[in-house]
Amino acid sequence: MGAAGPLTASGRSGFHAVAAVRKAVREFMRTLPESAAESLCVAVSGGADSLALAEAAAYTCRSLPVTALVVDHGLQTGSDEVAEKAAATARELGVGEVRVLPVSVSGRGGPEAAARRARYAALREASAGAPVLLGHTRDDQAETVLLGLGRGSGPRSIAGMRPYDPPWGRPLLGLPRATTRAACDELGIVPWQDPHNSDSRYRRVRIREEALPTLEDVLGGGVAGALARTAAQLREDVDVLDDLGEELLAAARGDTCGGADEGRRTAPELSVPVLESAPGALRRRALRSWLLGAGVRELTDAHLRSVDALVADWRGQGGVWLPGDFEASRARGKLRVEPAAAGIITTSHHR
Ligand SMILES: Nc1ncnc2c1ncn2[C@@H]1O[C@H](COP(=O)(O)OP(=O)(O)OP(=O)(O)O)[C@@H](O)[C@H]1O
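No experiment lies behind these values; they were computed from the predicted model shown.

## A word on the sheet that holds strand E10 (residues 334–339)
The strand order across the open sheet formed by four strands is E7-E10-E9-E8, and the pairing between neighbours is antiparallel. Every interior strand has two partners, whereas the edge strands, strand E7 (270–271) and strand E8 (320–322), have only one. Note that E8 and strand E9 (residues 326–331) share three bridges and pair antiparallel. Within E9, the position partnered with Val320 by the bridge is Ala328. The sheet contacts of helix H13 (residues 280–293) involve E7, E8 and E10, and relative to E10 the element is tilted by about 30 degrees. Contacts between helix H14 (residues 301–312) and the sheet are confined to E8, E9 and E10, with E8 contributing the most and set at about 150 degrees to the helix.

## Remarks on the site of the ligand
Near the ligand lie 15 residues; those nearest to it are Ala43, Val71, Arg116, Arg119 and Tyr120. In the model, a nitrogen atom of the ligand is placed 2.9 Å from a nitrogen or oxygen of the Val71 main chain. Its free accessible area being 610 Å², the ligand has 81% of it covered by the protein chains. Mapped by element, the contributors of at least two residues to the shell around the ligand are strand E2 (66–72) and helix H5 (110–127). Taken together, the residues of the shell around the ligand sort by class into seven nonpolar, five polar and three charged.

## Here's the deal with helix H3 (residues 48–60)
One turn of the α-helix equals 3.6 residues, which is why residues spaced by three or four share an orientation. Compared with the 18 Å implied by 1.5 Å per residue over 13 residues, the 18 Å span of H3 between its first and last C-alpha is a close match. Within H3, twelve of the 13 residues are buried, leaving the element largely enclosed by the surrounding structure. Turning to H3, its buried residues number three or more, namely Ala48, Asp49, Ser50, Leu51, Ala52, Leu53, Ala54, Glu55, Ala56, Ala57, Ala58 and Tyr59.

## Considering the layout of surface pockets
Approximately 310 Å³ is the volume attributed to the second largest pocket. If you trace the second largest pocket, you find 16 residues lining it, with Phe28, Pro163, Arg170, Pro171 and Gly174 closest to the centre. Among the elements of the structure, helix H2 (16–31) and helix H10 (223–253) are those that each provide at least two residues to the lining of the second largest pocket. Per element, the largest residue contribution to the lining of the second largest pocket is six residues, and it comes from H2. Grouping the amino acids of the lining of the second largest pocket by side-chain chemistry returns nine nonpolar, three polar and four charged.

Rules and cut-offs
- Residues numbered from 1 in each chain as written.
- Predicted model: local features only at pLDDT ≥ 70, side-chain atom pairs only at ≥ 80, totals over all residues.
- Heavy atoms only, no water.
- Pairing = 2+ DSSP bridges.
- Helix = DSSP H or I, 4+ residues; strand = E, 2+ residues; numbered from the N terminus.
- Contact = heavy atoms within 4.5 Å.
- Axes fitted to C-alpha atoms, helices over the stretch in contact; angles between N-to-C directions.
- Near = heavy atom within 4 Å.
- Polar contact = N/O pair within 3.5 Å; in protein donor to acceptor, adjacent residues only side chain to side chain.
- Areas by Shrake-Rupley, 256 points an atom, 1.4 Å probe, with all protein chains shown as cover.
- Nonpolar A, V, L, I, M, F, W, Y, C, P; charged D, E, K, R; others polar.
- Expected span 1.5 Å × (residues − 1).
- Buried < 20%, exposed > 50% of the residue type's maximum accessible area, 1.4 Å probe, protein only.
- 1 Å grid on protein atoms, 1.4 Å probe; cavity = no way out; pocket = protein on both sides within 12 Å on 5 of 7 lines; lining within 4 Å.
- Points joined across faces, edges and corners; volume = space filled by probe spheres on them.

In structure tokens:
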């Protein structure tokens, strides 16, 4: 079809949605640091969002090598055909290079979560440091915010997905999903409909099909946009607080201007008096960053608050158990974290 070609050559009017998607990509590209804009990948599932995005990237970034990456999870029979069809459509839309990445899906958390992990890992590896554009739209953002609110998540979650969180780029976060659907119509392509997207056993699907329309009835149209705007405002605040948390962490580690030495960076002890003097919101940010840096994963708010209690509510309690068999403890005015097997004597566990 060579859609990018004929659309440009004919200069036909009426391609409003295609133009809107291209504009979003152009504006996104302007925000990238120069070093990140030498080549580009687009993650293409074959759905309307990522196909409209692929066309816009190929058209807008003609001077760059653009590669479409299609992940085949191999979960359903025929998944290879879906992937090949997505790849063929991306080629038709003008993408120069297209790669299908077969992945094997296994591990914890059910097939959906495992597929998602495998997909992001394969995309990251195949992109070799280039930005990877994803087709998340404003509606996806609104759903993410509502899901976070329903779980009682913290501000980082409610702040939603970031437009650029290297290597992931999300140029379409400001556009409604209807625009990508309309763009596909204008381009004359029929996108793949993921059966999961209409399976009401998924909470996200019910948010999309039931909760958001109800909220629109009550609050008026434009709720998705409003939620996305709230998320964007929150992101600015979260970024400031995160930076302050990092400063507190550096102070608690006793870093000098030159930064911590290598040994300290991997398992630094933190000064309790420095942490004690800070507000809880910053302290918990500093502790989170410290624990992640030490290799602790899957930290919940409850874990974080238990570690924080070693600082702010100290009653001589023992170590705090953390996922991955780490233990945080306090002794002689210092906090430390290390693998539990290292022999810390634990008098109380927070499992
Ligand atoms: N099989 C796939 N191959 C390549 N890219 C994909 C694939 N599936 C999804 N993507 C990319 O991820 C984007 C978001 O898709 P989807 O919402 O289904 O994925 P998700 O990562 O599970 O979403 P979320 O991040 O909201 O949980 C798509 O627009 C596309 O860019």
